[in-house]
Amino acid sequence: MASAKAMAQDEHHFVLKSGHAIPAVGLGTWRAGSDTAHSVQTAITEVYSAYLPYLAIYMRRSVQHTNQVAMASKPILSVFANNLIVNHLQAGYRHVDTAAQYGIEQEVGKGLKAAMEAGINRKDLFVTSKIWCTNLAPERVRPALKNTLKDLQLDYIDLYLIHWPFRLKDGAHQPPEAGEVLEFDMEGVWREMERLVTDGLVKDIGVCNFSVTKLNRLLQSANIPPAMEMHPGWKNNKIFEACKKHGIHVTAYSPLGSSEKNLAHDPVVEKIANKLNKTPGQVLIKWALQRGTSVIPKSTKDERIKENMQVFGWEIPEEDFQVLCGIKDEKRVLTGEELFVNKTHGPYKSASEVWDNED
Ligand code: NDP
Ligand code: 1BO
Ligand code: 1BO
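- If you check an unreviewed UniProt entry, the protein chain appears there as NADP-dependent oxidoreductase domain-containing protein from Oryza barthii.
- Per UniProt, the protein chain carries the Sequence similarities (unreviewed entry) text "Belongs to the aldo/keto reductase family."

See below:
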């Protein structure tokens, strides 16, 4: 499969079926811990804030100059201001991926608030959250979203996703005990999610962790941007191709292989990174972007948060892209086994069944 540059609106965005733009790189927040507010704020405002002191010094100096000098320096100031804006748009994250189940939405909310207080407009941010399995009943959809909005301190989110296509009983164990995985009214839940869009509480809705079988069932409805695990160690080609066929944009989650199968130390990735003078993380993120997916790498380290955004203005050459596509021993990291499989009572007795035996 060749790189899919044509699917991008520009280097920094993809376009959803609704016509809304989704920033190509977002910050993942699963297992981001107690410092999430800091990570979110850093990701969004770091470069912006880094330039502010220089701008302040420059402006103070301009004012101290004579009128003539100040006049002469005006164009320079505006060049500087333009650079500031360009850098601000290029280097700051504008997309944050979270979920009720991550237990950190209040922290994410604090980070977003701090970023907005630092001057970022809400309309320039793209915030994704997900409805958890215990709330996958039509009457629970709106209250779940309202909780998320309260925790995030927002009055709308940009994308609301079904986290996994299985309903769990409140307090379900891991692995689930008999009777804890319930029937899921997919169409009923989806209808309620559509109402959230109509009411302006959510801009777009979508799904995660769907098999092709489940996607086809839902495809009677429109506009579905799914988020799926995707990296060279699990390309997830079947669902990717099915989505492409229907013009559905995909966000690649766990793009680095998550912590369990981190591909940053894969020799093939390392070799290509050395050749391109990039880091393995950047190569993995760029691979996802060139494949035509948006991407949400998670890091809690300021340096890596920045590193993971330096993926614009260069390309992985086609031959190296193909080498990455050819990495062997593909395997899911997130099988859903511990959440949904009860080997004796079912209804899912194996991870394979969770994925409709498509793997
Ligand atoms: P990632 O593939 O983003 O990998 C994260 C791991 O890689 C962490 O251990 C992180 O450590 C490390 N890391 C980050 N940057 C680099 C780098 N440049 N070089 C080397 N290692 C690096 O895994 P996730 O599973 O977290 O997936 C990303 C996001 O996707 C999640 O956080 C979540 O928001 C979303 N997601 C959605 C799912 C869904 O069902 N919809 C399922 C799973 C994830 P450190 O923090 O120490 O830098
Ligand atoms: C249990 C949640 C997996 C990451 O989204
Ligand atoms: C922690 C939940 C991941 C599902 O495999």
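## Details of the site of ligand 1
Next, step 1: What surrounds ligand 1 is a group of 29 residues, the closest being Asp97, Ser258, Ser299, Lys301 and Arg304.
Next, step 2: One of the side-chain nitrogen or oxygen atoms of Ser299 is found 2.6 Å away from an oxygen atom of ligand 1.
Next, step 3: Side-chain polar atom of Asn308 to a nitrogen atom of ligand 1: 2.8 Å apart, as the coordinates give it.
Next, step 4: Taking 900 Å² as the accessible area of ligand 1 by itself, protein coverage stands at 93%.

## Thoughts on the UniProt feature "binding site: substrate" (unreviewed entry) in the protein chain
Next, step 1: Under the present numbering, the feature "binding site: substrate" (unreviewed entry) in UniProt falls on His163.
Next, step 2: Its place among the elements puts His163 in the loop between β7 (157–162) and β8 (167–168).
Next, step 3: Note on His163: relative accessible area 7%, which makes it buried.
Next, step 4: Aside from chain neighbours lying at most four places away, what touches His163 is Ala99, Gln101, Tyr102, Lys130, Ile131, Trp132, Cys208 and Asn209.

## A short note on the site of ligand 3
Next, step 1: Taken together, the residues surrounding ligand 3 are Trp30, Trp164, Leu334, Thr335, Gly336, Glu338 and Leu339.
Next, step 2: A distance of 3.4 Å separates an oxygen atom of ligand 3 from a polar atom in the backbone of Thr335.
Next, step 3: One of the side-chain nitrogen or oxygen atoms of Glu338 is found 3.2 Å away from an oxygen atom of ligand 3.
Next, step 4: Computed on the free molecule, ligand 3 has an accessible area of 220 Å², of which 81% lies beneath the protein chains in the complex.

## Describing the nonpolar core
Next, step 1: Counting 98 residues, the largest nonpolar core has Val25, Leu112, Ile157, Tyr160, Ile162, Trp164 and Leu289 as the members making the most contacts within it.
Next, step 2: With six residues, helix α9 (residues 280–291) is the single largest residue contributor to this core.
Next, step 3: Not counting residues within four places of it along the chain, the set of residues in contact with Ile162 comprises Ile131, Leu136, Phe184, Val189, Trp190, Met193, Gly206, Val207, Cys208 and Phe210.

## Concerning the pattern of salt bridges
Next, step 1: As enumerated under the stated definition, the model contains 19 salt bridges in all.
Next, step 2: Of the charged contacts, one joins Glu192 and Arg195 as a salt bridge, the two residues approaching to 2.4 Å between their closest N and O atoms. Here the residue Glu192 and the residue Arg195 both occupy positions in helix α5 (residues 186–198), the gap between them amounting to three residues, near one helical turn.
Next, step 3: A salt bridge links Arg332 to Asp359; the nearest nitrogen and oxygen atoms lie 2.7 Å apart. Remark: Asp359 occurs in the segment after α13 (351–354) and Arg332 occurs in the loop between α11 (318–325) and α12 (337–340); sequence separation between them is 27 residues.

Parameters and conventions
- Residues numbered from 1 in each chain as written.
- Chains lettered and ligands numbered in written order.
- Predicted model: local features only at pLDDT ≥ 70, side-chain atom pairs only at ≥ 80, totals over all residues.
- Heavy atoms only, no water.
- UniProt positions renumbered as here; feature names shortened; annotations may be inferred.
- Near = heavy atom within 4 Å.
- Polar contact = N/O pair within 3.5 Å; in protein donor to acceptor, adjacent residues only side chain to side chain.
- Areas by Shrake-Rupley, 256 points an atom, 1.4 Å probe, with all protein chains shown as cover.
- Helix = DSSP H or I, 4+ residues; strand = E, 2+ residues; numbered from the N terminus.
- Buried < 20%, exposed > 50% of the residue type's maximum accessible area, 1.4 Å probe, protein only.
- Contact = heavy atoms within 4.5 Å.
- Core = buried A, V, L, I, M, F, W, Y, C linked by side-chain atoms within 4.5 Å.
- Salt bridge = Lys/Arg side-chain N within 4 Å of Asp/Glu carboxyl O.

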